[in-house]
Amino acid sequence: MDITIQIVIDLTCGISSARNLGAPERDHARRGVLRDLVRAARAGLRLPPDVVLVRGDLDVPTELKELETAVYERVVQLAALRDPGGADGPRARYLLYDLVAYEISPVLEEAR
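Residues numbered from 1 in each chain as written. Predicted model: local features only at pLDDT ≥ 70, side-chain atom pairs only at ≥ 80, totals over all residues. Heavy atoms only, no water.

**Student:** Hey, could you go over the side chain of E103 for me, with residue numbers and the actual values?
**Tutor:** Take E103: it is sitting in the loop between α4 (90-101) and α5 (106-109). Among the polar contacts made by the side chain of E103, one reaches the side chain of R42 at a distance of 2.5 Å. (Helix = DSSP H or I, 4+ residues; strand = E, 2+ residues; numbered from the N terminus. Polar contact = N/O pair within 3.5 Å; in protein donor to acceptor, adjacent residues only side chain to side chain.)

**Student:** Any details on helix α2 (residues 23-44)? Residues and values, ideally.
**Tutor:** Since there are 3.6 residues in each turn of an α-helix, residues three or four apart along the chain are aligned in direction. In this model, α2 (22 residues) spans 32 Å end to end at C-alpha, consistent with the 32 Å of a helix rising 1.5 Å per residue. Buried residues of α2: R30, R31, V33, L34, R35, L37, V38, A40, A41, R42 and G44, and no others. Directly beyond the C-terminal end of α2, a positive phi value near 60 degrees is found at R46. (Expected span 1.5 Å × (residues − 1). Buried < 20%, exposed > 50% of the residue type's maximum accessible area, 1.4 Å probe, protein only.)

**Student:** Before we move on, can you summarise the packing of α2 against helix α3 (residues 64-80) with the specific residues and values?
**Tutor:** Where α2 meets α3, the closest approach of the two axes is 11 Å, and the angle between their N-to-C directions is 35 degrees. Handedness of the α2/α3 crossing: left-handed. For the pair α2 and α3, contact is made by D27, R30, R31, L34 and L37 and by L64, K65, L67, E68 and V71, respectively. Of the residues that constitute the contact of α2 with α3, the class distribution is five nonpolar, no polar and five charged. (Axes fitted to C-alpha atoms, helices over the stretch in contact; angles between N-to-C directions. Left-handed = near helix turned anticlockwise from the far one by under 90°. Contact = heavy atoms within 4.5 Å. Nonpolar A, V, L, I, M, F, W, Y, C, P; charged D, E, K, R; others polar.)

Spatial relationships are all this shows, so hold off on functional conclusions.
What follows is the structure, given as structure tokens:
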């Protein structure tokens, strides 16, 4: 799972790059990066694409900037788990599940 965490961290850097694009492409690119993050988390957890995760205790943002902030928070926590053994622990899985659960955000629906 350590490779999944590195991929998620690398993809998160793409959000900043997407923000630097011109107005017409910017939001579309930001949503695309977030969708890629969800796909990477899903692959790391070996979840099939037809499985939808819903957690009643997870606040799923409905605005793009809020969703980016929530994703950043999870990724920072994942990066902190990169110590030996931490990347395969239950906390890392929990954070990856959160990323996958954000897939139901209306923000990402617009990216499809």
